[in-house]
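Residue-level structure breakdown
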Amino acid sequence: MAFDKDAIISQLKDASISDLNDLVKAIEEEFDVSAAAPVAAAGAAGGDGAAKSTFDVELTSGGAGKIKVIKELKTITGLGLKESKAMVDDAPSIVKEGLSEDEANDIKEKLEAQGATVTLK
């Protein structure tokens, strides 16, 4: 019996989420592996293993909606229009430092909604 990956991929495309979930569980049991293992290993390799408690928001690109991003930065940071424009023009630049994860994600969502590219560090 030949291995037909195209047929398997075709079947996976038609499968429901619950079917795919059952398949993952069956593969984990059959081969004694865990689908979550690579994610956990990557997280542990990233540092000393302690959970990160503070985050920095970095604007990596102003994107196509540069003016909207500048206005949103002005609101978020309290900077003037000129300083906010400079932050977008000089990207990548740190928007705010030492924030909680929720605050950082909130700022990230607001900026990305305006077309910016943002990373959390």
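As the structure is a prediction and not an experimental result, all values here were calculated from the model. (Residues numbered from 1 in each chain as written. Predicted model: local features only at pLDDT ≥ 70, side-chain atom pairs only at ≥ 80, totals over all residues. Heavy atoms only, no water.)

Focus: the pattern of salt bridges
Evaluated as defined, the whole model comprises four salt bridges. A salt bridge links glutamate 58 to lysine 121; its shortest N-O distance comes to 3.4 Å. Pair noted here: glutamate 58 is in strand β1 (residues 55-61) and lysine 121 is in the segment after β3 (117-120), with a separation of 63 residues, a long-range link. Lysine 121 gets classed as partly exposed once you look at its relative accessible area, which sits at 44%. In this structure, lysine 110 engages aspartate 106 in a salt bridge whose closest nitrogen and oxygen atoms are separated by 3.5 Å. Taken together, the residues span about one helical turn, with lysine 110 and aspartate 106 both in helix α6 (residues 101-113) at a distance of four residues. For lysine 110, a relative accessible area of 37% translates into the label partly exposed. Here the salt bridges do not stand alone but share partners, grouping Lys66, Lys85 and Asp89 into one network. (Salt bridge = Lys/Arg side-chain N within 4 Å of Asp/Glu carboxyl O. Helix = DSSP H or I, 4+ residues; strand = E, 2+ residues; numbered from the N terminus. Buried < 20%, exposed > 50% of the residue type's maximum accessible area, 1.4 Å probe, protein only.)

Notes on the pairing of β1
Here β1 pairs with strand β2 (residues 93-99) via four bridges, running antiparallel. Opposite leucine 59, over in β2, you have serine 93 as the bridge partner. Pairing of β1 with β3, which is carried by four bridges, proceeds in the antiparallel orientation. Bridged to serine 61 within β3 is threonine 117. (Pairing = 2+ DSSP bridges.)

So, the packing of helix α4 (residues 66-77) against α6
Closest axis-to-axis distance for the α4/α6 pair is 9 Å, and the angle between their directions is 155°. It follows that α4 is roughly antiparallel to α6 by the angle criterion. For the crossing formed where α4 meets α6, the hand is right-handed. The residues of α6 that touch α4, namely those facing Val69, Glu72, Leu73 and Ile76, are Ile107, Lys110 and Leu111. In terms of residue class, the contact of α4 with α6 is made up of five nonpolar, no polar and two charged. (Axes fitted to C-alpha atoms, helices over the stretch in contact; angles between N-to-C directions. Parallel < 35°, antiparallel > 145°, perpendicular 65-115°, else oblique. Left-handed = near helix turned anticlockwise from the far one by under 90°. Contact = heavy atoms within 4.5 Å. Nonpolar A, V, L, I, M, F, W, Y, C, P; charged D, E, K, R; others polar.)

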